[in-house]
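# Structural overview
Here are the chains, one letter per residue:
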Amino acid sequence: MREALDRALNQLLEESLRMLSLVREMTQEATEALVQADRAKAQGVVAKDKEVDALELKVENQAIAVIARHQPVASDLRLIFTVIKALTDLERAGDYAMHVAEDALLLAQEPPLKRYVTLPEMGRRLLEMMDALAKAVAERDAALARRVLEMDDQVDGLYEEVTRELITYMMEDPRTITKALTLMRVARSYERLGDHLENIAERVIYWLTGEVYKAPEDVY
């Protein structure tokens, strides 16, 4: 009985990591599409969002089946509910990667406002967050999950930096407003994607330690 439950729980983790990997792929390709003005790559990212949605439903149904068949308790239940809650954040993270790709499609129609530096750096930091999350889950490493929370602070700092820069562009030349607002929307998508990864990291900490952790900015 225990062996069957362990197999089912491991499958849940594997499918969740697969979903995380897909969101990572979307984020990387959306950033490449933005920098390279690659419309085909951006369209590919938009198409992959349906895969994320389908995977969310599949894993959620698997989690419900595990509860019904095995009646898990204690730490096993923590794992299952961590997966269920993380699914929502992963799906939303995928949506934000898609939004970056959609805006990359718009931006590719005209010459860039400037050479992109901070936005690709935000994308790169998000990839690092996802790599750390995957490793934290695979190695049951709560300390690494806490590191993901610190990495999100870096993404937030970059978001503030690019926002200030784009506001300056708009103030100095009103002709840049439309393009600058689209770039600000890209930055906001990256920032929100990072917030969803932070949520997942908090839930991984709960699974591994039983500690309900909230980053300082989440406490009001």
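You'll find the structure just up there.
Throughout what follows, the structure given in this document is the object of discussion.

The rules behind these values
- Residues numbered from 1 in each chain as written.
- Predicted model: local features only at pLDDT ≥ 70, side-chain atom pairs only at ≥ 80, totals over all residues.
- Heavy atoms only, no water.
- Helix = DSSP H or I, 4+ residues; strand = E, 2+ residues; numbered from the N terminus.
- Rg over C-alpha atoms; globule rule 2.2 N^0.38 Å.
- Contact = heavy atoms within 4.5 Å.
- Areas by Shrake-Rupley, 256 points an atom, 1.4 Å probe, with all protein chains shown as cover.
- Lys, Arg positive; Asp, Glu negative; His and termini not counted.
- Charge placed at Lys NZ, Arg CZ, Asp CG, Glu CD.
- 1 Å grid on protein atoms, 1.4 Å probe; cavity = no way out; pocket = protein on both sides within 12 Å on 5 of 7 lines; lining within 4 Å.
- Points joined across faces, edges and corners; volume = space filled by probe spheres on them.
- Nonpolar A, V, L, I, M, F, W, Y, C, P; charged D, E, K, R; others polar.
- Axes fitted to C-alpha atoms, helices over the stretch in contact; angles between N-to-C directions.
- Parallel < 35°, antiparallel > 145°, perpendicular 65-115°, else oblique.
- Left-handed = near helix turned anticlockwise from the far one by under 90°.
- Buried < 20%, exposed > 50% of the residue type's maximum accessible area, 1.4 Å probe, protein only.
- Core = buried A, V, L, I, M, F, W, Y, C linked by side-chain atoms within 4.5 Å.

### Considerations on the overall build of the protein chain
When its secondary structure is counted, the protein chain shows 6 helices and 0 strands. When the helices and strands of the protein chain are placed in sequence order, the string is α-α-α-α-α-α. The globule rule puts the C-alpha radius of gyration for 220 residues at 17 Å, and the 19 Å found for the protein chain is close to it. Overall, the protein chain is about 65 × 35 × 25 Å in size when its C-alpha atoms are taken along their principal axes. Across the protein chain, every contact between residues at least 6 apart in sequence was considered, and the portion connecting residues at least 24 apart equals 82%. Working note: accessible area of the protein chain is about 11,000 Å², and carbon and sulfur atoms make up 53% of it. Distance between charge centres in the protein chain, computed from 29 positive and 41 negative side chains, equals 2 Å.

### Quick look at empty space enclosed by the protein
Applying the stated rule across the entire model yields 2 cavities of 30 Å³ or more. In this structure, the largest cavity spans a volume of roughly 170 Å³. Taken together, 15 residues line the largest cavity, and the ones lying closest to its centre are Ser16, Ala86, Val137, Ile200 and Val204. At the level of secondary structure, the elements contributing two or more residues to the lining of the largest cavity comprise helix 1 (2–36), helix 3 (74–107), helix 4 (118–138) and helix 6 (177–209). Ranked by residue count, the leading element in the lining of the largest cavity is helix 3, at 5 residues. Of the residues that constitute the lining of the largest cavity, the class distribution is 12 nonpolar, 2 polar and 1 charged. Of the voids in this model, the second largest cavity is the one considered here, and its volume is about 60 Å³. Every residue lining the second largest cavity is listed: Lys114, Arg115, Tyr116, Val117, Thr118, Leu119, Pro120, Val162, Glu165, Leu166 and Leu183. Of all elements in the fold, only helix 4 and helix 5 (142–172) reach the threshold of two or more residues within the lining of the second largest cavity. Each residue belonging to the lining of the second largest cavity can be placed in one class, and the counts come to 7 nonpolar, 1 polar and 3 charged.

### Considering the packing of helix 4 against helix 6
The relative placement of two packed helices comes down to the angle between their axes together with the axis-to-axis distance. Interhelical geometry of helix 4 versus helix 6 gives an angle of 15° and a closest axis separation of 10 Å. Taken as axis vectors, helix 4 and helix 6 run roughly parallel relative to one another. Crossing hand, helix 4 versus helix 6: left-handed. Among the residues forming the contact of helix 4 with helix 6, the class breakdown is 19 nonpolar, 2 polar and 2 charged.

### Examining the layout of surface pockets
Taken as a whole, the second largest pocket holds about 160 Å³ of empty space. Elements with a contribution of two residues or more to the lining of the second largest pocket: helix 3 and helix 6. Of all the elements, helix 6 adds the most residues to the lining of the second largest pocket, at 3 residues. Its residues placed into classes, the lining of the second largest pocket shows 2 nonpolar, 3 polar and 3 charged.

### Describing unusual backbone geometry
Of note, Gln71 is a non-glycine position whose phi angle comes to about 45°, a positive value. Relative to the helices and strands, Gln71 is located in the loop between helix 2 (39–70) and helix 3. Despite not being glycine, Ala74 has its phi angle at roughly 50°, a positive value. Mapped onto the elements, Ala74 comes out in helix 3. Judged by its relative accessible area of 55%, Ala74 is exposed.

### Re the nonpolar core
With 69 residues, the main nonpolar core has Leu119 and Leu197 as its most contacted residues. Listed by contribution, the elements that provide at least two residues to this core are helix 1, helix 2, helix 3, helix 4, helix 5 and helix 6. For this core, the element with the most residues is helix 3, which contributes 15 residues. Once you skip the residues sitting within four places of it in the chain, Leu119 turns out to touch Leu34, Val162, Leu183, Val186, Ala187 and Tyr190.

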